[in-house]
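Listed below are the residues making up each chain.
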Amino acid sequence: MTDLAAVKAALKTQAVETPSWAYGNSGTRFKVFAQSGVPRDPWEKLQDAAKVHEFTGVAPTVALHIPWDTVEDYATLAKYAEERGLRLGAINSNTFQDDDYRLGSICHPDPAVRRKAVGHLLRCVDIMDATGSADLKLWFADGTNYPGQDDVRARQDRLAEGLAEVYERLGEGQRMLLEYKLFEPAFYTTDVPDWGTAYAHCLKLGDKAQVVVDTGHHAPGTNIEFIVATLLREGRLGGFDFNSRFYADDDLMVGAADPFQLFRIMHEVVGGGGFSAEVAFMLDQCHNIEAKIPAIIRSVMNVQEATAKALLVDRGALAGAQASGDVLGANGVLMDAYNTDVRPLLREVREDMGLDADPLAAYARCGWAQRIVAERVGGRQAGWGA
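Rules used in this analysis
Residues numbered from 1 in each chain as written. Predicted model: local features only at pLDDT ≥ 70, side-chain atom pairs only at ≥ 80, totals over all residues. Heavy atoms only, no water. Helix = DSSP H or I, 4+ residues; strand = E, 2+ residues; numbered from the N terminus. Buried < 20%, exposed > 50% of the residue type's maximum accessible area, 1.4 Å probe, protein only. Polar contact = N/O pair within 3.5 Å; in protein donor to acceptor, adjacent residues only side chain to side chain. Contact = heavy atoms within 4.5 Å. Axes fitted to C-alpha atoms, helices over the stretch in contact; angles between N-to-C directions. Parallel < 35°, antiparallel > 145°, perpendicular 65-115°, else oblique. Left-handed = near helix turned anticlockwise from the far one by under 90°. Nonpolar A, V, L, I, M, F, W, Y, C, P; charged D, E, K, R; others polar. Expected span 1.5 Å × (residues − 1).

1. A word on the side chain of threonine 95
Relative to the helices and strands, threonine 95 resides in the loop between β5 (87-92) and α4 (111-131). Residue classification places threonine 95 among the buried residues on the basis of a relative accessible area of 1%. In this structure the side chain of threonine 95 is engaged in a polar contact, spanning 3.3 Å, whose partner is the side chain of serine 105. Those residues within four positions of threonine 95 in sequence are excluded, and the remaining contacts are Tyr101, Ser105, Ala117, His120, Leu121, Trp139 and Phe140.

Pasting the structure below:
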């Protein structure tokens, strides 16, 4: 039997990190769609993130993206976040939006370009020092488009060399989280295309280097929960970038395309001890046509629902069925948990935390959406590259 009190206690400790860039304007490869009331700077992004945390109670950290979130004084930004009940989370680097990076960044054949890219990553560690952030999140667009364009093994050597220099710069309590991506924008070879490549580099670097699993960065049909289970077993799962995809890296709302997959992932996280370990649960989404703050609130709620179902799995019954070779029985235990309507349970959890049982309705009533439309007039809206 599942201990409901323990389930509720676990759900109250869950934390989902929201990304600063999700509050800004975004769009497709053809058009960025502007919305009224969008933040114009990192300070206003934090204001919106504070509303998400206010109504969900489980979104206390905000990831920054450099240079999109560049400010003169990062310690002051961290204090501003703290005053709003937030902390600054992962520092995300950007080595893909500069003309110099056309042929790559830390894997580029030109040593001068590699030096520039590594310098940016080291600067991101400086920002971590100023903000108190623990995680440096790295994703590289590096790769090639044509056979023979560059030496594949040499690019891996350059990657290893650059990562090692940044790794040595990490301070006490700081980690490097290496993200992988199947393809795009490199279509022949991608320098960090899969979890195995990321894992291999992290193993050589040391315990402070861990792998990030972006749920949209896989080929169709990939068993992501197997990857999660394996990385947990090896102590190398650093965190998630949660989103959904129908085709490729769509960055749609987590749980939108395949909520059963999200449940299966969270089942492995709970079973592998990752729910209480140092695994960062981050959103990495772009809200192109939907209102941004409600979409982020809904995304946090989707993660909560999948987690609640995973926590409700009767693991004793599951283990017994597995040990006896009861194939249908074991699957039935899992499906019973997945088919449970956990919304009443989560309403109770929120009320226990002093929150409104319905975060979306509470946000709609608070008037913030109307206020930011009226007040955020003029200036340049934040978005991709801003």
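Next, the rest of the story.
2. A few points about the packing of helix α5 (residues 152-169) against helix α6 (residues 195-205)
Running from N to C, α5 and α6 cross one another at 50 degrees; their axes reach a closest spacing of 10 Å. Taken together, the axis directions place α5 and α6 in an arrangement best described as oblique. For the pair α5 and α6, the crossing hand works out as right-handed. In this structure, α5 uses Gln156, Leu159, Ala160, Leu163, Ala164 and Tyr167 to contact α6, whose residues at the interface are Thr197, His201 and Leu205. Looking at the contact of α5 with α6 residue by residue, the class counts come to six nonpolar, three polar and no charged.

3. Description of helix α2 (residues 42-56)
If you check α2, its first and last C-alpha atoms are 21 Å apart, about what 15 residues at 1.5 Å a residue would give, namely 21 Å. Most of α2 sits out of view: 12 of its 15 residues are buried. By the burial criterion, the buried members of α2 are Pro42, Glu44, Lys45, Leu46, Asp48, Ala49, Ala50, Lys51, Val52, His53, Phe55 and Thr56. At the N-terminal end of α2, a side-chain oxygen is found 3.1 Å from the backbone nitrogen of tryptophan 43, two or three residues along, and the residue is aspartate 41. Phi turns positive one or two residues past the end of α2, at glycine 57, with a value near 75 degrees.

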